[in-house]
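The lines below spell out each chain.
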Amino acid sequence: MAEQINPWSSAPKVDINRLFEEFGIESFAAQKPLLKDQPVFIRRDIVAGHRGYEAISEAIRMKKPFHVLTGFMPSGHPHFGHLMVMKEVVWHINQGGRGFISIADREAHAVRGLSWDFCDKYAREYMECLYALGFKGEIYSQRKNNLLKDLAFEAATKINFSELSAIYGFGPETELAHAMSVAMQVGDILYPQLVGGAAPTIVPVGIDQDPHIRLTRDVTKALRMFLVEDRGSHISIRAKKATPEAIDAVAKRFKGAKKYEGHIDLPAGHNAAEVDEIVRSIEQEFGGFGFMLPSSTYHSFLQGLQGGKMSSSVPESLVWFDDTEKDAKKKIMGALTGGRQTLEEQKQLGGEPEKCSIYQLNKFHMQEDDKELAKMCEACKAGELMCGTCKKETLERVLTFLKEFKEKRDEVSHMAEW
Ligand code: TRP
């Protein structure tokens, strides 16, 4: 059976490159040069893969409308592991995207058994963090958003149990609410287009969320009335569930259109992208959604301070935004590094930054200056920078960040209301 990614496992074992190949995720390398003023996560290849990002880089370049959405399960306090996706969302908003955040309280309730009161308490914390980072746009609760619930129901008309079993390994013992939370997430990803008009939508996520992206892209196609395909010699418009009136409207709209049973052919000379746009708007006139395929990015995970994955079930593996100075100090100073067994050995052989959780923390979040980061890396490899010193310097930066972040959160905390 094909490999599965389980979005709900606490420690998914993922070899990113193998998964990329197996699931047809594209490397981000070709997209990177298309982006100007690259933020850390692009410059340093932390965003490593994507689906359909072409539509987003083009929208940014051509200043065309696009949306950006992601979701957070309010099942615990936010922490450093959430920072990357939050920054990706804010950056895309600053590039012209319209911002949306789903607080996945239905998922947290269904999958983690969290009470609604706890969901609301944690939701507030996520909202504060997002606003503190400069988020602008709509933040909604899954359980309170009726448009979303209707959209999720519509999406569910295109999802069957064999797909759920193939994608997530769901079986007869799976609770219906868990399956419903999958439909909610599909609804989330399409929601920006429902309220903000059909447009490319970028969904920044960790690789563990890719099953939801794949499913949503399938559902998006299944919801369409028409499918426009450029066949080289002609353009084919397949009518999947369109009424005879809608098919007529499409056929009448294009010169030289030939109408057959269930499809329309256009002679060469038409521009496929333009045809797609027009067909989409006709679809919408006749009551269809006309959604565009959503796009996604995948970032590599920040290594935990104890070496393995950063996980809220291993408290020492990560820094929480509301950690006290004492907590943060204990975790940073006790972190597993790429240092050698003895000081002597380290001076001789140098450290191994690529294996070091402290280096990773700097690379991801704590050192924005590329030159300083390179200096740190070289001094470490040359055996000149010892782990103790490096940790102390990193701790200073972490404490400054935590202090400033807390102040910003306090400033925006009045915005964190439903
Ligand atoms: N399932 C996600 C998680 O476990 C949360 C989520 C809900 C989400 N809706 C989303 C993520 C839409 C991306 C897009 O964290």
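Preceding this paragraph is the structure being described.
Now for a description of the structure that goes with this document. (Residues numbered from 1 in each chain as written. Predicted model: local features only at pLDDT ≥ 70, side-chain atom pairs only at ≥ 80, totals over all residues. Heavy atoms only, no water.)

Our focus in this paragraph is the environment of valine 90. The residue valine 90 is located in helix 4 (residues 83-94) in this model. The exposure class of valine 90 is buried, given its relative accessible area of 8%. The spatial distance from the C-alpha of valine 90 to the C-alpha of isoleucine 159 is 31 Å, given a sequence separation of 69 residues. Apart from residues lying up to four places away in sequence, valine 90 is in contact with Leu133, Gly134 and Phe135. (Helix = DSSP H or I, 4+ residues; strand = E, 2+ residues; numbered from the N terminus. Buried < 20%, exposed > 50% of the residue type's maximum accessible area, 1.4 Å probe, protein only. Contact = heavy atoms within 4.5 Å.)

On to helix 3 (residues 54-62). Of the positions making up helix 3, those classed as buried are Ile56, Ser57, Ala59 and Ile60. Seen along its axis, helix 3 keeps its buried residues to an arc of 160 degrees; they face one direction. Lining the buried residues of helix 3 we find helix 4, strand 6 (201-206) and strand 11 (295-299). Of the residues flanking the end of helix 3, it is lysine 63, one or two places downstream, whose phi is positive at about 55 degrees. (Arc of directions from axis to C-beta.)

Further remarks concern the side chain of lysine 331. Following the sequence through the fold, lysine 331 ends up in helix 13 (residues 325-333). Since its relative accessible area comes to 12%, lysine 331 is described here as buried. Those residues in contact with lysine 331, other than ones at most four positions away along the chain, are Leu305, Pro315, Glu316, Leu318, Val319, Trp320 and Asp323.

We now examine the pairing of strand 2 (residues 47-51). Along strand 2, 4 of the 5 residues are buried, which leaves the element largely enclosed by surrounding structure. Pairing geometry for strand 1 (residues 26-27) and strand 2, over 2 bridges, is antiparallel. Paired with serine 27 across the two strands is glycine 49, which belongs to strand 2. (Pairing = 2+ DSSP bridges.)

Any two side chains of opposite charge can pair, given that their charged atoms come close. According to the stated counting rule, one finds 23 salt bridges in the structure shown. Residues arginine 280 and glutamate 277 are paired through a salt bridge, measuring 3.8 Å at the closest nitrogen-oxygen approach. A residue pair is termed a helical-turn pair when its members lie 3 or 4 positions apart in one helix, as arginine 280 and glutamate 277 do in helix 12 (residues 272-285) at 3 residues. The buried category is assigned to arginine 280, whose relative accessible area is 5%. One continuous salt-bridge network, built from bridges that share partners, spans Arg124, Glu128, Arg409 and Glu417. (Salt bridge = Lys/Arg side-chain N within 4 Å of Asp/Glu carboxyl O.)

With that out of the way, let us pick up the packing of aromatic side chains. This model, assessed by the stated rule, comprises 17 aromatic pairs. Taking the centre distance of 5.4 Å and the plane angle of 50 degrees together, the rings of tryptophan 8 and tyrosine 168 count as tilted. Note that tryptophan 8 is positioned in the segment before helix 1 (16-23) and tyrosine 168 in helix 8 (residues 161-168), a separation of 160 residues in sequence. Here tryptophan 8 matches tyrosine 168 in class, with each residue buried. Ring centres 5.5 Å apart and planes at 80 degrees place the aromatic pair phenylalanine 80 and phenylalanine 401 in the edge-to-face group. In this pair, phenylalanine 80 sits in the loop between strand 3 (67-72) and helix 4 while phenylalanine 401 sits in helix 17 (residues 387-412), placing the two residues 321 residues apart along the sequence. The same class applies to phenylalanine 80 and to phenylalanine 401, which are both buried. (Phe/Tyr/Trp six-rings, centres within 6.5 Å; stacked < 30°, edge-to-face > 60°.)

Right, let's talk about a nonpolar patch on the surface for a bit. Taken together, the side chains of Phe161, Leu176 and Met180 define a hydrophobic patch exposed on the protein surface, amounting to about 360 Å² of accessible area. On the secondary structure map, leucine 176 appears in helix 9 (residues 176-196). A relative accessible area of 55% means that leucine 176 is categorised as exposed. (Patch = residues over 30% accessible without salt bridge, like charges linked within 9 Å, V, L, I, M, F, W, Y side chains within 5 Å. Areas by Shrake-Rupley, 256 points an atom, 1.4 Å probe, with all protein chains shown as cover.)

Right, let's get into the layout of surface pockets. Computed from the structure, the largest pocket encloses a volume of approximately 1,100 Å³. Along the walls of the largest pocket sit 48 residues, with Met73, His82, Arg112, Asp208 and Gln209 positioned nearest its centre. At the level of secondary structure, the elements contributing two or more residues to the lining of the largest pocket comprise strand 3, helix 4, helix 5 (105-112), helix 9, strand 6 and helix 15 (357-366). Partitioning the lining of the largest pocket into residue classes produces 21 nonpolar, 22 polar and 5 charged. Computed from the structure, the second largest pocket encloses a volume of approximately 780 Å³. Lining the second largest pocket are 29 residues, with Ala55, Asp276, Arg280, Met292 and Leu293 positioned closest to its centre. Looking at the lining of the second largest pocket, the elements that each hand over two or more residues are helix 3, helix 10 (210-223), strand 7 (226-230) and helix 12. Taken together, the residues that form the lining of the second largest pocket break down as 15 nonpolar, 3 polar and 11 charged. (1 Å grid on protein atoms, 1.4 Å probe; cavity = no way out; pocket = protein on both sides within 12 Å on 5 of 7 lines; lining within 4 Å. Points joined across faces, edges and corners; volume = space filled by probe spheres on them. Nonpolar A, V, L, I, M, F, W, Y, C, P; charged D, E, K, R; others polar.)

What follows is about the site of the ligand. Near the ligand, the surroundings consist of Leu69, Thr70, Gly71, Met73, Ala104, Glu107, Gln185, Asp188, Ile189, Val203, Val205 and Gln209. In the environment of the ligand, a nitrogen atom lies 2.7 Å from a nitrogen or oxygen atom belonging to the side chain of aspartate 188. Contact between the ligand and glutamine 209: a nitrogen atom at 2.9 Å from a side-chain N or O atom of the residue. Out of a free accessible area of 370 Å², the ligand has 91% covered by protein chains. Placement of the ligand is best described as lying within the largest pocket. Looking at the shell around the ligand, the elements that each hand over two or more residues are strand 3, helix 9 and strand 6. (Near = heavy atom within 4 Å. Polar contact = N/O pair within 3.5 Å; in protein donor to acceptor, adjacent residues only side chain to side chain. Sits in = over half its atoms within 2 Å of the grid points.)

Packed helices, taken two at a time, are described by the angle between their axes plus the distance between the axes. Orientation of helix 9 relative to helix 10, taken along the N-to-C sense of each, is 70 degrees, at an axis distance of 9 Å. As the angle between them shows, helix 9 and helix 10 are arranged roughly perpendicular. The element helix 9 and its partner helix 10 pack so that their crossing is right-handed. Of helix 10, the residues touching helix 9 (which contributes Val182, Gln185, Val186, Ile189 and Leu190) are His212, Ile213, Leu215, Thr216, Val219, Thr220 and Leu223. (Axes fitted to C-alpha atoms, helices over the stretch in contact; angles between N-to-C directions. Parallel < 35°, antiparallel > 145°, perpendicular 65-115°, else oblique. Left-handed = near helix turned anticlockwise from the far one by under 90°.)

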